[in-house]
There are 2 protein chains.
Amino acid sequence: MSDRLTIHYRLRCDDGQSPAAKAGEIALEQTVELPEECLSPEILGRVVGRVEEVDEEGNAWIARISYSPEAIGGELPQLLNLIFGNVSMKSGIRVEAIDWPESVLELLPGPRHGVEGLRRMCGVENERPLLCAAVKPLGLSARELADLCRRLALAGVDIVKDDHSLADQSWAPFEERLALCQEAVTAANRETGGSTLYFPNLTGGLGELRPRLSQIRRAGCRGAMMSPMILGLDVVRTLADTSELAILGHPALAGSYFAADHGIAPELLLGEIFRLIGCDGVIYPNVGGRFVLDRHDCLAINDRLRRPLAGCLPAFPVPGGGIDGRRIGDWVDRYGPDTIFLFGTSLYREPDLTAAAKALASKLR
Amino acid sequence: MSDRLTIHYRLRCDDGQSPAAKAGEIALEQTVELPEECLSPEILGRVVGRVEEVDEEGNAWIARISYSPEAIGGELPQLLNLIFGNVSMKSGIRVEAIDWPESVLELLPGPRHGVEGLRRMCGVENERPLLCAAVKPLGLSARELADLCRRLALAGVDIVKDDHSLADQSWAPFEERLALCQEAVTAANRETGGSTLYFPNLTGGLGELRPRLSQIRRAGCRGAMMSPMILGLDVVRTLADTSELAILGHPALAGSYFAADHGIAPELLLGEIFRLIGCDGVIYPNVGGRFVLDRHDCLAINDRLRRPLAGCLPAFPVPGGGIDGRRIGDWVDRYGPDTIFLFGTSLYREPDLTAAAKALASKLR
């Protein structure tokens, strides 16, 4: 493991600029924001990114640029800035992968519970995939949402989670929803002997997040869902770091980074960065659903969430959408048992939600 | 002013979907995440976005969809989610403009100081543009950076600000840099009788931000720079709301939203949303510099920062880059006096930084 942070950028150079010149510009832009002729040899050697290699790949180029971890100064916001801050405003640059040095991985210890911990929380002893269902829609009362929680828990769903648009709307205020939904799940578990978990959506103004986190713990929840791109990545990292809760990361607002020749590869952002900031599971829009990720992206996200990465625990991929419940077995074969399958719309389309959820749950056992 | 939040989306429909169908999908996706057939008439009427109009415009369509402010639940993160959360992961959707209802503007009161307040802070009585210069590069010691501050303040620059990559690196730790830079500017002001301000870059892990904000105030600074897309928009809103500091917003990491047929229009994100969360000035990459915004974008950003918007004060546009100091007069004519011109590279290219900054300052007086 090198002691430098190496970023792999995919470059499109259709503006006549040479790939080497474009890589050199990135190395300056992301550190000193000055052209070479304004820099001392010392700053050039110690601070500016070092272009390690530029290779042609198809009709693009891959530039590997390494940075001194000193440039990060021990904090996630400056790491994000180093990765893509100013170059986000240049065209034809996509961050494909990062080789992390140990010193940076120490800043970002990753999930607290990971795949094994979350499976244990759900009382699942064998290596089967978990079933997650979303409670929706926005606009129902807390009591109506709690009734859906009850039915999904009775059906044997492992994790029942709020839809990510459920915040603190007057239709179902956060505190009331939290209490009623957790109570409903607890009562259903008592009835079935099961261990269904309820994960509320944690959102809110910065000042509300900690009080809500405490309410979530006091209500007896073991985890929560958060949207890192909306709340701020370091906000989620901090909340993950200072609570015992399992965290499901939601990809809302992340989609603008996923253009073909600009942004941050989805497997890096959702699969690696979300994992490193502490998500125990990461929701992503599955291929074949309503969103843009393709088969390759989904498999790559799964891989990055699970693969060995220093001392960081593996996290669960949580593909949502695009899955026909009757073919769930094919998806298990494709994605493997360390997956949480998230169902929403396809369950609510069925005439009997409980029966549909029960059928799914039995297929995963 | 309508009491609903109306979002103008530009749609590209080259996948054979009709614009009306695409608009209808957005209205569902951003609220209930369920198809119509799963919804009660009550939820459909009260909660789902309402497609008000879909008009052809060039080779695209503009859909105006209105939402009940109830769906926002009084918080900025859910507002961001409503604007672009899940649809960020669909293709061919760009948020062009928002008609804000009063109830939402009350949540987001905008700049504390605005154009007039910031001009007053700089001791500028006539209606001239302000001059801002960046202190750089990353890698210099706090003492070296402070010496640059001193020279820029002696030259009569109105605001001297940290480069946005200056965080808490060991090369120039935050606290030491803050103290030395502010001292240098204070000493220079004493010598010249001027009122140059020093704005440090406020970054850091969530737990560091408040202590650093206090240090900034104790050091005697009147403002700070922050990068909302990196720190989190509600983090910046909260810090702006709970401090007396003037805030310069930096666009780092915002560029992925600025694709031609996907994302959020730069004038909306930088010109309106950054203003509403409390930025007194917003830095953007000027046309002709190293980045992607064009002339239209820059003028639109200027317009959105300054135009009347309920009780919200106007904020300063802060174009950076792309300006030849010898032609600064043309830029003043183009952008008007309520502009802060930000210089970096072009100053550092000059053989004598102080003389170059002095020449610029005198041209703006």
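Residues numbered from 1 in each chain as written. Chains lettered and ligands numbered in written order. Predicted model: local features only at pLDDT ≥ 70, side-chain atom pairs only at ≥ 80, totals over all residues.

> Could you give me a rundown of the overall build of chain A, with the residues and numbers involved?
The helix and strand tally for chain A stands at 15 helices and 14 strands. By the compact-globule yardstick of 21 Å for 365 residues, chain A fits well, its C-alpha radius of gyration being 22 Å. Overall size of chain A, expressed as C-alpha extent along the three principal axes, is 70 × 40 × 35 Å. Excluding contacts between residues fewer than 6 apart, the proportion of contacts in chain A whose partners are at least 24 apart in sequence is 72%. (Helix = DSSP H or I, 4+ residues; strand = E, 2+ residues; numbered from the N terminus. Rg over C-alpha atoms; globule rule 2.2 N^0.38 Å. Contact = placed C-beta atoms within 7 Å.)

> If you had to explain the domain arrangement of chain A to someone new, which residues and values would you point to?
Residue and element names in this part refer to chain A. Assigned domains within chain A: domain 1 (5–107) and domain 2 (114–364). Relative to domain 2, the C-alpha centre of domain 1 lies at a distance of 34 Å. Every contact between the two is made by 15 residues of domain 1 and, on the other side, 11 residues of domain 2. Of all the secondary-structure elements, those providing two or more residues to the side of domain 1 that touches domain 2 are helix H3 (76–84), strand S4 (93–99) and helix H4 (102–107). In terms of residues, the side of domain 1 that touches domain 2 owes the most to one element, S4, which gives six residues. For the side of domain 1 that touches domain 2, a count of residues per class yields nine nonpolar, two polar and four charged. (Domains from an automatic or database assignment. Nonpolar A, V, L, I, M, F, W, Y, C, P; charged D, E, K, R; others polar.)

> Tell me about the relation of the copies chain B and chain A, and please be specific about residues and values.
Note on the copies: chain B fits chain A at an RMSD of 0.0 Å, the axial shift is 0.0 Å, and the rotation between them is 180°. Interpreted geometrically, this transformation is the action of a two-fold axis. Residue Gly232(B), judged by its C-alpha, is the member of chain B lying nearest the rotation axis, at 2.0 Å. When the interface residues of chain B are mapped onto chain A, 100% of them again fall at the interface, so both copies present the same face. (Least-squares fit on C-alpha atoms with pLDDT ≥ 70 in both.)

> Lay out the nonpolar core with the relevant residues and their values.
Within the largest apolar cluster, 252 residues are counted, with the highest numbers of intra-cluster contacts made by Cys149(A) and Cys149(B). Non-local contacts of Cys149(A), meaning those with residues more than four positions away in its chain, are made with Val135(A), Val160(A), Cys181(A), Ala184(A), Val185(A) and Tyr198(A). (Core = buried A, V, L, I, M, F, W, Y, C linked by C-beta atoms within 7 Å. Buried ≥ 20, exposed ≤ 12 C-beta atoms within 10 Å, placed from the backbone.)

> Just give me the short version of the sheet that holds strand S1 (residues 5–11) of chain B, but keep the residues and values in it.
Residue and element names in this part refer to chain B. Reading across the sheet, the six strands line up as S2-S3-S1-S4-S11-S10 and stay open at both edges, with mixed pairing between neighbours. One side of each edge strand has no neighbouring strand; the edge strands of this open sheet are strand S2 (50–57) and strand S10 (258–259). The pairing of S2 with strand S3 (residues 60–67) spans seven bridges and is antiparallel. Within the sheet, the bridge partner assigned to Glu 56 lies in S3 and is Trp 61. Each of strand S4 (93–99), S10 and strand S11 (262–264) is contacted by helix H11 (residues 266–276), which is oriented at about 35° to S4, the strand it contacts most. (Pairing = 2+ DSSP bridges. Axes fitted to C-alpha atoms, helices over the stretch in contact; angles between N-to-C directions.)

> Can you tell me about the interface of chain B and chain A, naming the residues and giving the values?
With 69 residues of chain B at the interface, the matching set in chain A holds 69 residues. Where the side of chain B that touches chain A is concerned, the elements lending two or more residues are helix H2 (41–46), helix H3 (76–84), helix H8 (206–218), helix H9 (228–231), helix H10 (233–242), S11 and helix H14 (345–348) of chain B. The element that contributes the greatest number of residues to the side of chain B that touches chain A is H3(B), accounting for six residues. Of the residues that constitute the side of chain B that touches chain A, the class distribution is 31 nonpolar, 27 polar and 11 charged.

> Please provide a residue-by-residue account of the pairing of strand S5 (residues 130–135) of chain B, values included.
Residues and elements named next belong to chain B. Burial of S5 is extensive: six of the six residues sit out of reach of the surface. In S5, alternate side chains face the same way, and those of Leu 130, Cys 132 and Ala 134 on one face and Leu 131, Ala 133 and Val 135 on the other are all buried. Here S5 pairs with strand S6 (residues 159–162) via four bridges, running parallel. By the bridge assignment for S6, Cys 132 is matched with Ile 159. With helix H6 (residues 142–154) bridging S5 and its parallel neighbour S6, the resulting β-α-β unit is right-handed. (Right-handed = clockwise from strand over helix to strand, strands pointing away.)

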